[in-house]
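Chains, contacts and geometry: an overview
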Amino acid sequence: MKRAVVVGSLNLDYSIGLERMPKPGQTVSADSLRLSPGGKGANQAYALGRLGCATAMIGAVGKDDAGRMLTGNLRSVGVDVSGIRESDTPTGQAFITVERTGENAIIILAGANGEVSPADVDRGRKLIEDADCLVMQLEIPVETVLYAARLAKSLGKTVVLDPAPAVSGLPEELFTLADFVKPNETELAVLTGMPTDTVEQCETAAKALLQKGAGMVLVSLGSKGVLAVGKGNDSILVPAVESEVVDTTAAGDCFTAAFVSAYDGDLKKALLYANTAASIAVSRPGAQASIPSAEEVRERL
Ligand code: ATP
Ligand code: RIB
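Only a predicted model underlies this, so the values are computations on that prediction, with no experimental measurement involved.

Parameters at a glance
- Numbering of residues starts from 1 in every chain and runs along the sequence as written.
- Just so you know, chain letters begin at A and ligand numbers begin at 1, following the order they were written in.
- Side-chain atom pairs in this predicted model are given and counted only at pLDDT of 80 or more, local residue features only at pLDDT of at least 70, and totals for whole chains, interfaces and linings cover all residues.
- Side-chain measures here rest on the full set of heavy atoms in the structure, leaving out hydrogens and waters.
- Numbering of helices and strands runs from the N terminus; a helix is a DSSP stretch of H or I covering at least four residues, while a strand is a stretch of E covering at least two.
- Any N or O atom pair separated by 3.5 Å or less is treated as a polar contact, with the protein-specific requirement of one donor-capable and one acceptor-capable atom, and with residues adjacent in sequence counted only for side-chain atom pairs.
- Residue contacts follow a heavy-atom distance rule, with two residues in contact if any of their heavy atoms lie within 4.5 Å.
- When at least one non-hydrogen atom of a residue lies within 4 Å of a molecule or strand, that residue is treated as near it.
- Here the open area of atoms and residues is found with the Shrake-Rupley method and a 1.4 Å probe, where only the protein chains shown may cover a residue.
- UniProt positions are given in the numbering used here, feature names are shortened, and annotations may be inferred rather than shown by experiment.
- Here, nonpolar core refers to any group of buried Ala, Val, Leu, Ile, Met, Phe, Trp, Tyr and Cys residues whose side-chain atoms link them within 4.5 Å.
- Burial classes follow relative accessibility: with a 1.4 Å probe on protein chains only, a residue under 20% of its type's maximum area counts as buried, one over 50% as exposed, and anything between as partly exposed.
- Helix axes use the C-alpha atoms of the stretch in contact, all axes being lines fitted to C-alpha atoms, and the angles between their N-to-C directions lie in the range 0 to 180 degrees.
- For a crossing to be left-handed, the near helix must be turned anticlockwise from the far one by less than a right angle; the clockwise case is right-handed.
- Polar here means any residue outside two lists: the nonpolar Ala, Val, Leu, Ile, Met, Phe, Trp, Tyr, Cys and Pro, and the charged Asp, Glu, Lys and Arg; Gly therefore counts as polar.
- The term salt bridge refers to a pairing of a side-chain nitrogen on Lys or Arg with a carboxyl oxygen on Asp or Glu at a separation within 4 Å.

1. What about the side chain of Ser-261?
- Position of Ser-261 among the secondary structure elements: in helix α9 (residues 251–262).
- A distance of 3.0 Å separates the side chain of Ser-261 from the backbone oxygen of Ala-258, its partner in a polar contact.
- If near-sequence neighbours (up to four positions away) are discounted, Ser-261 is found in contact with Met-1, Leu-48, Leu-51, Cys-53 and Tyr-273.

2. Some remarks on the site of ligand 1
- In the neighbourhood of ligand 1, 20 residues make up the surrounding shell, with Asn-184, Ser-220, Gly-222, Thr-248 and Asn-275 lying closest.
- Within the backbone of Gly-252, one N or O atom sits 3.1 Å away from an oxygen atom of ligand 1.
- At a separation of 2.7 Å, an oxygen atom of ligand 1 approaches a polar side-chain atom of Asn-275.
- For ligand 1, whose accessible area on its own is 630 Å², the fraction buried by protein is 85%.

3. Topic: the side chain of Ser-290
- Note that Ser-290 resides in the loop between α10 (267–281) and α11 (294–300).
- Polar side-chain contacts of Ser-290 include one of 3.2 Å to the backbone oxygen of Gly-286.
- In this structure the side chain of Ser-290 is engaged in a polar contact, spanning 2.7 Å, whose partner is the backbone oxygen of Ala-287.

4. Some points on the UniProt feature "active site" (unreviewed entry) in the protein chain
- With numbering matched to this structure, UniProt assigns "active site" (unreviewed entry) to Asp-253.
- By the element assignment, Asp-253 lies in helix α9.
- Setting aside chain neighbours within four positions, we find Asp-253 in contact with Lys-40, Asn-43, Gln-44 and Asp-162.

5. Some remarks on the nonpolar core
- One finds Met-57, Leu-74, Phe-259 and Leu-271 to be the most contacted residues of the largest nonpolar core, which totals 48 residues.
- At nine residues, α10 tops the list of elements feeding residues into this core.
- Ile-128, Leu-146, Leu-177 and Ala-206 belong to the second-largest nonpolar core, a separate cluster that totals 42 residues.

6. Some thoughts on the packing of α9 against α10
- Running from N to C, α9 and α10 point in directions that differ by 145°, and their axes come no closer than 8 Å. Read as a crossing pair, α9 and α10 show a hand that is right-handed. Contact residues: Ala-251, Cys-254, Phe-255, Ala-258, Phe-259, Ser-261 and Ala-262 in α9; Leu-267, Lys-269, Ala-270, Leu-271, Tyr-273, Ala-274, Asn-275, Ala-277, Ala-278 and Ala-281 in α10.
- Residues belonging to the contact of α9 with α10 are distributed by class as follows: 14 nonpolar, two polar and one charged.

7. Section: the site of ligand 2
- Close to ligand 2 lie 13 residues; Asp-13, Gly-39, Lys-40, Glu-139 and Asp-253 are nearest.
- A distance of 2.7 Å separates an oxygen atom of ligand 2 from a polar atom in the side chain of Asp-253.
- Protein chains bury 96% of the 280 Å² of accessible surface belonging to ligand 2 in isolation.
- Residue assignment for the shell around ligand 2 shows that the elements contributing at least two residues are β2 (11–18) and α1 (40–50).
- Its residues placed into classes, the shell around ligand 2 shows four nonpolar, five polar and four charged.

8. Some details on the pattern of salt bridges
- Throughout the structure, instances matching the rule amount to 17 salt bridges.
- Asp-179 serves as the salt-bridge partner of Lys-153, at 2.8 Å between the closest nitrogen and oxygen. Linking Lys-153 in helix α5 (residues 142–154) with Asp-179 in the loop between α6 (172–177) and β10 (180–181), this pair joins segments that are 26 residues apart in sequence.
- Residues joined by salt bridges that share partners form a network here, namely Glu-19, Asp-31 and Arg-100.

9. Concerning unusual backbone geometry
- At the junction of Ala-164 and Pro-165, the peptide bond is cis and its omega measures out at -5° in the coordinates.
- Note that Pro-165 resides in the loop between β9 (158–161) and α6.
- The backbone of Ala-250 shows a phi angle near 75°, a positive value even though the residue is not glycine.
- Its place among the elements puts Ala-250 in the loop between β13 (236–238) and α9.

Structural data, given as structure tokens:
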């Protein structure tokens, strides 16, 4: 797609590298601490910009260094940040542990992200009108996500929902407004209350989301790739591109953005492109810092 708008979160990520996550009550030493730009919304906006899609973002940051760093990083890849409001509440933060295997666990403190409201969406209406596609996640209030989806749909835009972090009991209307929903296996289980331990179970659970009204479900399967489940009997499994794993933070964000940037009606091509971009992201540390350029993805392809 040529133009995208992201309505979502921006976080300052505190990434702690360590051998293994502490158990409750245990104290462990870390290998490293790194502060870098993150947030599922900002990661996807950054990746869209870096992959060559004209992109704008609607969201909120605090009047602080973290907020300035985050908007500056988006600007550096050409993202229009005019829809990002400065709030008196501090910028959102994420505390991430990254084990030596590349696995991560994340705790977020919403900060200004928790205040992104339908009024922010109204203020950014022109950015939505100008885009082909609206991309959203769930690190801002659900009522705002729903409001933006309704508006985008009424304007005839494609709506992409990355339902992370997943919560059960989302308004069913949200699925009816989403052309594409991109959960990972864990998120799919939370959204449907169904098991997702095997590819077959993922397909059955994805079909439950189609029944709720989603246009197509893209289940990201980590090192196994992605399963696309649509309304016909034509599910497609596109295997992951083999890669050394350093840090999987933002692999899903990179996948979603790369899919949106590449999708022109050719589903398989866009899924392969997204798997390829995400395979590069997992081989590098950090969130936005791990996102490849369009040239790097083309080379890997
Ligand atoms: P995140 O770690 O950002 O929360 P996620 O859980 O949303 O990611 P995953 O399903 O883990 O998403 O990964 C998204 C995509 O990244 C996969 O569909 C795949 O293309 C790629 N990917 C993830 N892990 C690997 C891996 N070990 N090797 C190659 N590609 C991978
Ligand atoms: O998806 C990865 C992101 O989740 C991190 O950048 C962190 O900010 C959390 O929002």
